[in-house]
Amino acid sequence: MYNILVCDDDKEIVESIEIYLQQEGYQVLKAYNGKQALDVLNKETVHLIILDLMMPELDGIHTTLQIRKESSIPIIILSAKSQDSDKILGLNVGADDYVTKPFNPLELVARVKSQLRRYTSLGTIQEEEQEHVYHTGGLVVNDDRKEVTVDGEPVKLTRIEYNILLFLIQNKGKVYSIDQIYEKIWKEEAFFADNTVTVHIRHIREKIEIDPKNPRYLKVMWGIGYKIESID
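One structure accompanies this document, and this report is about it. (Residues numbered from 1 in each chain as written. Predicted model: local features only at pLDDT ≥ 70, side-chain atom pairs only at ≥ 80, totals over all residues. Heavy atoms only, no water.)

## Some remarks on the nonpolar core
- The biggest cluster of nonpolar side chains holds 29 residues, and the ones touching the most others in it are Leu165, Leu168, Ile181 and Ile208.
- Looking at this core, the elements that each hand over two or more residues are strand 7 (139-142), strand 8 (147-150), helix 6 (159-170), helix 7 (178-186), helix 8 (194-208) and strand 11 (225-228).
- Of the residues forming this core, the biggest block, 8 residues, is contributed by helix 6.
- Judged by nonpolar contacts, the second largest core, of 20 residues, contains Ile49, Leu51, Ile61 and Ala95. (Core = buried A, V, L, I, M, F, W, Y, C linked by side-chain atoms within 4.5 Å. Buried < 20%, exposed > 50% of the residue type's maximum accessible area, 1.4 Å probe, protein only. Helix = DSSP H or I, 4+ residues; strand = E, 2+ residues; numbered from the N terminus.)

And the structure:
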């Protein structure tokens, strides 16, 4: 479950946003000025922030600047100001998106989903939260959850297929021979392992590649072995 911090000095706006986010299954944390928002960030795990621009004590711009000193968490700024200069300022100090009041709550929810997809697909959620998540390009392997996604879409692998992919993506860019892959995954000495490994590699490609005959991720180095391409 993702935790969304909503910070606005207008409590009615906070409560309205909370209703729509909770309907989508998000956990909502609330603050009413920048200082409170920073306090919440210091105490709770937060995956995205919706932050009003004009607030007492500490406004959205200075709050964003403080957050960016330590975190790349997605920030969506809310503001009644619609001038391009205000939008540019918000984005320049580190915000990821800018929504002008009054706004359609459904559009805001869509933007939240978009930012979370981009954030997780890039593997930028804090390492202490996802220290066993591996990615290259749009391919993501979450070993904590035993999940594989390509461009945000789930991929179903067998246990052996998953273990092969996990081993290669943990060592992306490195080439491993068929025997090395077999011995790592099957935990025994490789004898005539070529066909066994090749079949599983083919099945993995069919599931993670748009064009298995012209793979983007799982590459063959002819006469040497296989590797996961490093795409960052």
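## Structural notes on the pairing of strand 6 (residues 133-136)
- As paired strands, strand 6 and strand 7 are joined by 4 bridges and run antiparallel to one another. Paired with Tyr134 across the bridge in strand 7 is Val141. (Pairing = 2+ DSSP bridges.)

## Some points on the environment of Ile17
- Of note, Ile17 is situated in helix 1 (residues 11-23).
- Taking the C-alpha atoms as reference, Ile17 lies 7.7 Å from Val6; in sequence the two are 11 residues apart.
- In contact with Ile17, not counting residues within four places along its chain, are Val6, Ile50, Leu78, Phe103 and Leu108. (Contact = heavy atoms within 4.5 Å.)

## Some words on helix 8
- Taking 1.5 Å of rise per residue, 15 residues should cover 21 Å, and helix 8 covers 21 Å from first to last C-alpha, within 8% of that figure.
- For helix 8, the set of buried residues is Val197, His200, Ile201, Ile204, Arg205 and Ile208. For helix 8, the arc enclosing every buried residue in end-on projection is 140°, short of the 170-degree limit, so these residues lie on one face. (Expected span 1.5 Å × (residues − 1). Arc of directions from axis to C-beta.)

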